[in-house]
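Each chain is listed here by its residues.
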Amino acid sequence: MAAAPGPAPGDASDALPPPLETRRGRAGAMKLTRKVVLARAKAAELDSVRKLNCWGSCLTDISICRELPNIEVITFSVNSISSLEPMSQCQNLSELYLRKNSIPSLNELFHLKNLPRLRVLWLSENPCCGPDPHHYRMTVLRNLPNLQKLDNQAVTEEELSQALVDGEDITAPPAKRNLENGCPEANESSTTECTTEPKSEHLNFTLEETNKIREQLGMKPVPRDKFSSFSPRETDGSRKKRNNILNAILLLMKELDTEGLEIIHQTVGKRLQALQKKELQEER
């Protein structure tokens, strides 16, 4: 099986990590804590942390990054992060994965301009990307000309030259927001399940994404009534776990090439046959 291109392993290699112990604030806000960082990095002190993966953890407050002077790789994809300022002092940072967060403006790039070793950035699927992909990419490259890969796509010399013409030069940080005051400390045992997302919206998203993948694999779509019929029989914990697993698989599917998708197709087919056989035996 061919390896997924680019930084996909760094972006979602631990796509379903154990639940984080964070601090929950108002409206489900999540603050990444020292305890979590040390546990995830398997480190004794913050200054010894080199890699940190908190993929899909509903994080909003990552101010702890200011205390990670030697961090080299950060994976914060699929969260609710809206500011890059906490990473502005991470001088050894070389890879930063922030796909699918809440970065509102390209002005946030100002906080990354003084990171001399940053070579890989994944920022797609954020509000800051806007409706014009060319303007977005040119602006990122004009302000971060040392990047070798942006959004899983290699940066060319031609692009860097064009960025000087088409990209916007960001010379000042965005208006400062006091996110920490909006995230008061709470119980240390809180977990990172998103509580603000309506269950019906989560179900619609999962069904839609499920049927897109089934279509790619040559499978029939799942009817909504059949899809939702098994949810009430599940506990909240098992339903959330299933949805998290499914969402992670759907995201990773986008990184596979034809050979990889074919292997998935065959594996899914065998799994479906086994389940159908089991259901027939139970009906008898």
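Here the structure is a predicted model, which means the values were calculated and not measured.

**Digging into the packing of aromatic side chains**
And step 1. Scanning all chains against the criterion turns up zero aromatic pairs.
And step 2. Positioned over the ring face of Trp122 is Arg99, at 5.5 Å from the centre of the ring.

**Points about unusual backbone geometry**
And step 1. Phi is positive for Lys42, close to 55 degrees, though the residue is something other than glycine.
And step 2. Topologically, Lys42 is positioned in the loop between helix H2 (34-41) and strand E3 (51-53).
And step 3. In this structure, Glu125 takes a positive phi of about 65 degrees despite not being glycine.

**A word on the side chain of His111**
And step 1. As for its placement among the helices and strands, His111 is situated in the loop between strand E5 (95-97) and strand E6 (120-122).
And step 2. Beyond its immediate stretch of four places on either side in the chain, His111 contacts Leu84, Glu85, Ser88, Pro173 and Pro174.

**So, helix H4 (residues 157-166)**
And step 1. Of the residues making up H4, those classed as buried are Glu159, Leu160 and Ala163. Buried residues of H4, viewed axially, fall in a sector of 100 degrees; they line one side. Opposite the buried face of H4, at more than 90 degrees from it, the exposed residues are Glu157, Glu158, Leu164 and Val165.

**So, the sheet that holds strand E8 (residues 153-154)**
And step 1. The strand order across the open sheet built from six strands is E3-E4-E5-E6-E7-E8, with neighbouring strands paired in mixed fashion. Each edge of the sheet is formed by a strand with only one pairing partner; in this case those strands are E3 and E8.
And step 2. Bridge count for E5 against E6 is three bridges, and the pairing is parallel. Paired with Glu95 across the two strands is Val120, which belongs to E6.

**Observations regarding the UniProt feature "domain: U2A'/phosphoprotein 32 family A C-terminal" (unreviewed entry) in the chain**
And step 1. Under the UniProt annotation, the feature "domain: U2A'/phosphoprotein 32 family A C-terminal" (unreviewed entry) is placed at residues 133-151.
And step 2. With 58% helix and 11% strand, residues 133-151 has its two end C-alpha atoms placed 11 Å apart.

**A look at the nonpolar core**
And step 1. Membership of the largest hydrophobic core comes to 47 residues, with the highest contact counts inside it found for Phe76 and Leu121.
And step 2. Within the residue set of this core, elements represented by two or more residues are H2, helix H3 (133-143) and H4.
And step 3. When residues of this core are assigned to their parent elements, the largest contribution, four residues, is made by H3.
And step 4. Those residues in contact with Leu121 that sit more than four places away from it in its chain are Leu96, Leu109, Leu112, Val140, Leu144, Leu147, Lys149, Leu150 and Asp151.

**Examining the pattern of salt bridges**
And step 1. Under the counting rule described, the total for this entry stands at six salt bridges.
And step 2. Measuring nitrogen to oxygen at the nearest pair gives 3.3 Å for the salt bridge that ties Arg34 to Glu45. Residue Arg34 is located in helix H2, and its partner Glu45 is located in the loop between H2 and E3; the two are separated by eleven residues in the primary sequence.
And step 3. Take Glu45: its relative accessible area is 42%, and that puts it in the partly exposed class.

Calculation notes
- Residues numbered from 1 in each chain as written.
- Predicted model: local features only at pLDDT ≥ 70, side-chain atom pairs only at ≥ 80, totals over all residues.
- Heavy atoms only, no water.
- Phe/Tyr/Trp six-rings, centres within 6.5 Å; stacked < 30°, edge-to-face > 60°.
- Lys NZ or Arg CZ within 6 Å of the ring centre and 35° of its normal.
- Helix = DSSP H or I, 4+ residues; strand = E, 2+ residues; numbered from the N terminus.
- Contact = heavy atoms within 4.5 Å.
- Buried < 20%, exposed > 50% of the residue type's maximum accessible area, 1.4 Å probe, protein only.
- Arc of directions from axis to C-beta.
- Pairing = 2+ DSSP bridges.
- UniProt positions renumbered as here; feature names shortened; annotations may be inferred.
- Core = buried A, V, L, I, M, F, W, Y, C linked by side-chain atoms within 4.5 Å.
- Salt bridge = Lys/Arg side-chain N within 4 Å of Asp/Glu carboxyl O.

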